[in-house]
Amino acid sequence: MSYGRQAAFWIAASLGLLLFLWLFRDILLPFIMGLALAYLLDPVADRLQRLGMNRLWATLAILVLSVVLFALALLVLVPVLGAQLMTFIARLPEHVTRLQELADKLFETRFSELLGGGDARTTIQQFAGQAASWLGAVVSSLWAGGRAVVNVVSLFVVTPVVAFYLLYDWDRMVAKIDDLLPRDHVGTIRELSRRIDRAMAGFVRGQFTVCILLGTFYAVGLSVVGLNFGVLIGSIAGIISFIPYVGTIVGFVLSVGVALVQFWPDWIWVAAVVGVFAVGQFIEGNILQPRLVGSSIGVHPVWLMFALFAFGSLFGFVGLLLAVPLTAALGVLVRFALERYQHSRIYWGHDRSEPGEPLT
C-alpha cells in the first residue's frame, strides 16, 4: 500500500472515531470511565498476579476495594460540598458587595469613580445577583435533568461492570490487538504503542494522584486556617488541577476573595490563606510533578489547555476525559512523523532509512 493510501486510511479512521464520539457523546461517559478505571488499575492487577493471585480474584479484590473507597468518599464529601456550594451561591452577591467596599476604602474611592461614581456598587450588585441566579440554575439543571440522573446512575451501575470485564481481559485484549498488527510494520507500531503508553500512564496516573493530593492539601489547609467554604474551594482547586495553572489560579482567586470578606482588616489570616497556596505550589512544582508526572506527556502546557477546551467544547465531559490521552498519543505520532520527515528524501534529498525499519 502506498504512503498516500495509508495516509488516507488513517485520516478516514480518525475522522470516523471523532464522528463516533460526537454522535454517542451523551452515553459514552460510563464506558470511558470504566476504560479509564481499568487502565489505572491494570498495573495493580499485574502486581497481584506476580504475587501469585489469580487474575479473576485480583480483579474482584481491586474493584471491590475501589468501589468501597469511592462510596465512602462520596458519603463523607458530597453532603459537605453540597451544603457549602449552596451557601456560597446564596452569599455571592453579599461577598461581591463587600469586596467592592474594601476596594473603595483601599483605593480611596478612585476605583468607584472610574466605574461611574455612586452607581458602581449598584451595578456590581446587580451583576452578582445575576451571576448567583445563573449558577443556581446551572446546578439545579445538572441535578434535576433526566439525562444527568441517568448518567449518574449509569456511573454507579455500568462503570464497575465495564471496568471489571476490561480489567479481567486487559492482557488478552492487548495480545489480540498485537496479533492484528501488519507484520511489515509490527516493530514500529509496537514501539509507538510503548511510547504512547508511557506518555499516557505517566501523565494520567501521575496527574490523578497529584489532583487528589493537592485537593486534600488545599481543603485541609484552608479549613485549618478557618476559611469559609475551605473544603469546597480546596476540592475545586484540586479537581481542576489537571488543567495546567487553571486549578491554582481559580482556587487562589476564590480563597483570597473569601478571605478578604471574612478576615479583613486582620491581614495575617489573609496572608495565611495565600501561604497555603504558596506551599501547595511549592510542593506541586518541586515534589509531586517531578516525581509523579515529570515531562512524560511531551506536550506543551498551552497545547494541553487548548486540547482540553477544544475537546470539552465538542464532546462535553467525555471530551475532557479523552483530551489528555488523545493529546499524548497525538504528540507521540507527531514526533514520530517529524523523525521520519528528517530522514526522508523531502528533507535530505535522498532516503536515510527504510519505511519499515523499526524504531530504536
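Predicted, not measured: the structure shown is a model, and the values here were computed from it. (Residues numbered from 1 in each chain as written. Predicted model: local features only at pLDDT ≥ 70, side-chain atom pairs only at ≥ 80, totals over all residues. Heavy atoms only, no water.)

## Quick look at the overall build of the protein chain
In step 1: A tally of regular secondary structure across the protein chain gives 14 helices and zero strands.
In step 2: Classification of the 360 residues of the protein chain by burial places 33% in the buried group.
In step 3: Across the protein chain, every contact between residues at least 6 apart in sequence was considered, and the portion connecting residues at least 24 apart equals 70%.
In step 4: Accessible surface, the protein chain: about 21900 Å² in total, of which carbon and sulfur atoms supply 72%. (Helix = DSSP H or I, 4+ residues; strand = E, 2+ residues; numbered from the N terminus. Buried < 20%, exposed > 50% of the residue type's maximum accessible area, 1.4 Å probe, protein only. Contact = heavy atoms within 4.5 Å. Areas by Shrake-Rupley, 256 points an atom, 1.4 Å probe, with all protein chains shown as cover.)

## Brief notes about the nonpolar core
In step 1: Membership of the largest hydrophobic core comes to 21 residues, with the highest contact counts inside it found for Leu63 and Leu167.
In step 2: Excluding anything up to four places from it in sequence, Leu63 contacts Leu37, Leu41, Pro160, Ala163, Phe164 and Leu167.
In step 3: Grouped together as the second largest cluster of nonpolar side chains are 20 residues, Leu227, Ile233, Val273 and Val276 included. (Core = buried A, V, L, I, M, F, W, Y, C linked by side-chain atoms within 4.5 Å.)

## Focus on a nonpolar patch on the surface
In step 1: Residues Val64, Leu65, Val68, Leu69, Leu72, Leu75, Val76 and Leu77 make up a contiguous nonpolar surface patch of about 760 Å² in total accessible area.
In step 2: Residue position: Leu65 is located in helix H3 (residues 55–106). (Patch = residues over 30% accessible without salt bridge, like charges linked within 9 Å, V, L, I, M, F, W, Y side chains within 5 Å. Salt bridge = Lys/Arg side-chain N within 4 Å of Asp/Glu carboxyl O.)

## A few points about helix H2 (residues 29–50)
In step 1: For H2, spanning 22 residues, the distance from its first C-alpha to its last is 32 Å, which sits close to the expected 32 Å at 1.5 Å a residue.
In step 2: In H2, a bend of some 40° at Leu41 exceeds every other bend along the element, and Pro43, a proline, comes one to four places later.
In step 3: Along H2, the residues that are buried comprise Leu29, Pro30, Ile32, Gly34, Ala38, Tyr39, Leu41, Asp42, Ala45 and Asp46.
In step 4: Positive backbone phi, at 110°, marks Gly52, one or two positions downstream of H2. (Expected span 1.5 Å × (residues − 1). Bend = angle between axes of the 7 residues up to and from the residue.)

## Things to note about the pattern of salt bridges
In step 1: This structure, assessed with the given rule, holds eight salt bridges.
In step 2: Note that Asp46 is salt-bridged to Arg55, the shortest N-O span being 2.8 Å. Each of the two residues, Asp46 as well as Arg55, counts as buried.
In step 3: Note that Arg55 and Asp171 form a salt bridge whose closest N and O atoms lie 3.6 Å from each other. Of this pair, Arg55 sits in helix H3 while Asp171 sits in helix H7 (residues 170–179), placing them 116 residues apart in sequence.
In step 4: Classification of Arg55 as buried rests on a relative accessible area of 8%.
In step 5: The exposure class of Asp171 is partly exposed, given its relative accessible area of 38%.
In step 6: Shared partners join several salt bridges into a network, and the residues in it are Asp42, Asp46, Arg55 and Asp171.

## Description of unusual backbone geometry
Negative phi characterises most residues that are not glycine, and trans characterises most peptide bonds.
In step 1: Despite not being glycine, Phe229 shows a phi value in the positive range, around 65°.
In step 2: Along the polypeptide, Phe229 turns up in the loop between helix H8 (186–225) and helix H9 (230–239).
In step 3: Judged by relative accessible area, which is 7%, Phe229 ranks as buried.

## A closer look at the packing of aromatic side chains
In step 1: Counted according to the given criterion, the structure contains seven aromatic pairs.
In step 2: Taken together, a centroid distance of 5.0 Å and an interplanar angle of 45° make the contact between Phe20 and Phe24 tilted.
In step 3: By relative accessible area, Phe24 is classed as partly exposed at 36%.
In step 4: Relative to Tyr165, the ring of Phe164 has its centre 5.3 Å away and its plane inclined at 75°; by these criteria the two rings are edge-to-face.
In step 5: These aromatic residues form a ring-pair network of at least three members: Phe217, Tyr218, Phe252 and Phe277. (Phe/Tyr/Trp six-rings, centres within 6.5 Å; stacked < 30°, edge-to-face > 60°.)

## Section: the confidence of the model for the protein chain
In step 1: The share of residues in the protein chain with pLDDT of 70 or more is 78%, and the mean pLDDT across the chain is 75.
In step 2: Within the protein chain, no element has a lower average pLDDT than helix H4 (residues 110–114), which sits at 50, and none a higher one than H7, at 86. (pLDDT = per-residue confidence, 0-100.)

## Some remarks on the packing of H9 against helix H10 (residues 246–263)
Any two packed helices are characterised by how steeply their axes cross, that is the angle between the axes, and by the distance between the axes.
In step 1: Contact geometry of H9 with H10 gives a least axis separation of 7 Å together with a crossing angle of 165°. The pairing of H9 with H10 is recorded here as roughly antiparallel in orientation. With respect to the hand of their crossing, H9 and H10 are arranged in right-handed fashion. Contact residues: H9 offers Ile233, Ile236 and Ala237, while H10 offers Gly247, Val250, Gly251, Leu254, Ser255 and Val258.
In step 2: Within the contact of H9 with H10, the residues separate by chemical class into six nonpolar, three polar and no charged. (Axes fitted to C-alpha atoms, helices over the stretch in contact; angles between N-to-C directions. Parallel < 35°, antiparallel > 145°, perpendicular 65-115°, else oblique. Left-handed = near helix turned anticlockwise from the far one by under 90°. Nonpolar A, V, L, I, M, F, W, Y, C, P; charged D, E, K, R; others polar.)

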